[in-house]
Amino acid sequence: MDEGIREKISEIWPYFTVADATAWDTDPFVSSLIPSSQRPKSILPSAKSVIVVRTPVSPTILHTAPSIFYKEHYKTLNIQLDLIAQQIATLLDAEGFDAVPVARDGYQGIRGLKEDSSSFFSHRHAAYLSGLGTFGLNNTLLTKTHGPRVRLTSIITSAELKPGTPLKEDICIKCGKCVSSCPANALNGDMYPGGLDKMSCVGRTEKLAERGITPCGICIAVCPIGKRVIPPSEEFVKSVQKYELRN
Ligand code: SF4
Ligand code: SF4
């Protein structure tokens, strides 16, 4: 059964990993961070698995961040993920399983972020539990192939799929590039979950939003882990960065 469902999911989107829905209660690291209200079984009591879908962020576009180019790319990736999650949930439903596609961002704009910067469901922790990656000094999930340059979403389901397990070795090499590059001094060099001053990061996001060029993206652009590309010319980057909201 597992293989049949996996194959059908792969036909929709092959880039996914699976976490055991009970891992939120049994993994000491995740259970110490994620409240019970934000665990899969609180959302879907019949949950057995969480399917974590990923899509890569273009490193070329990220070289222009913060920019309108990256902002649009980010929006497109989010829409892409939502559509894939919905398609997978539809398939699981047709196969007789319960399935909930979780929206990839559970925030209410900048004001919501300032009041409570935690999401109602953390895809990063689902990805960690599925064995996709580990947390870096930049507070994001790092994968071996793309470093922190992936967007994620999750589908919680009653289907029982063979899960992955958290990686034993940290992927982050603690080079400190993210820490020294952060324009808001929001990273202090401590390992996750202690290393980010969320309010400083949100403060910068707020300023960029006023200029129409969120998200920031710098701490994921500079990370040396994963696939790198030859950057676009400085001339091009400067020309892109000229475009922002002017009221
Ligand atoms: S997103 Fe920007 S402001 Fe926030 S931690 Fe990363 S580099 Fe700093
Ligand atoms: S830039 Fe360096 S320290 Fe920061 S997350 Fe990447 S590998 Fe870790």
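No experiment lies behind these values; they were computed from the predicted model shown.

Caption draft 1: Quick look at the site of ligand 2. For ligand 2, the set of nearby residues contains 13 residues, the closest of which are Cys-172, Cys-175, Gly-176, Cys-178 and Cys-223. Judged by the proximity of its atoms to the pocket grid, ligand 2 belongs to the largest cavity. A class-by-class count of the residues in the shell around ligand 2 yields nine nonpolar, two polar and two charged.

Caption draft 2: Expanded view of the site of ligand 1. Near ligand 1 you find Cys-182, Pro-183, Ala-184, Leu-187, Leu-196, Cys-201, Arg-204, Cys-216, Ile-218 and Cys-219, and these make up its full shell. In terms of residue class, the shell around ligand 1 is made up of nine nonpolar, no polar and one charged.

Caption draft 3: Representation of helix 6 (residues 68-94). Under the 1.5 Å per step criterion, the end-to-end length of helix 6 is 39 Å for 27 residues, consistent within 8% with the ideal 39 Å. When helix 6 is considered as a whole, its buried residues turn out to be Tyr-70, His-73, Tyr-74, Leu-77, Asn-78, Leu-81, Ile-84, Ala-85, Ile-88, Ala-89, Leu-91 and Leu-92. With a side-chain oxygen lying 3.3 Å from the backbone nitrogen of Phe-69, the N-terminal cap of helix 6 falls on Ser-67. Where helix 6 ends, the next residue or the one after it, Gly-96, has phi of about 95°, a positive value.

Caption draft 4: The arrangement of the pattern of salt bridges in detail. On inspection of all chains with the given rule, the structure shows five salt bridges. With a shortest N-O distance of 2.8 Å, Glu-95 and Lys-8 are connected by a salt bridge. Placement of the pair is Glu-95 in the loop between helix 6 and strand 3 (99-102) and Lys-8 in helix 1 (residues 2-12), with a sequence separation of 87 residues. Residue classification places Glu-95 among the partly exposed residues on the basis of a relative accessible area of 33%. Judged by relative accessible area, Lys-8 falls into the partly exposed class, the value being 35%. A salt bridge links Lys-174 to Asp-170, with the shortest nitrogen-to-oxygen separation between them at 3.6 Å.

Caption draft 5: Geometry of empty space enclosed by the protein. In the structure shown here, the tally under the stated rule is two cavities of 30 Å³ or more. Volume-wise, the largest cavity comes out at about 90 Å³. For the largest cavity, the lining is made up of 14 residues, of which Cys-172, Cys-175, Cys-178, Cys-223 and Pro-224 are closest to its centre. Grouping the constituent residues of the lining of the largest cavity by class yields nine nonpolar, three polar and two charged. Of the volumes computed, that of the second largest cavity is approximately 50 Å³.

Here is what the cut-offs are and how they apply
- Residues numbered from 1 in each chain as written.
- Chains lettered and ligands numbered in written order.
- Predicted model: local features only at pLDDT ≥ 70, side-chain atom pairs only at ≥ 80, totals over all residues.
- Heavy atoms only, no water.
- Near = heavy atom within 4 Å.
- 1 Å grid on protein atoms, 1.4 Å probe; cavity = no way out; pocket = protein on both sides within 12 Å on 5 of 7 lines; lining within 4 Å.
- Sits in = over half its atoms within 2 Å of the grid points.
- Nonpolar A, V, L, I, M, F, W, Y, C, P; charged D, E, K, R; others polar.
- Helix = DSSP H or I, 4+ residues; strand = E, 2+ residues; numbered from the N terminus.
- Expected span 1.5 Å × (residues − 1).
- Buried < 20%, exposed > 50% of the residue type's maximum accessible area, 1.4 Å probe, protein only.
- Polar contact = N/O pair within 3.5 Å; in protein donor to acceptor, adjacent residues only side chain to side chain.
- Salt bridge = Lys/Arg side-chain N within 4 Å of Asp/Glu carboxyl O.
- Points joined across faces, edges and corners; volume = space filled by probe spheres on them.

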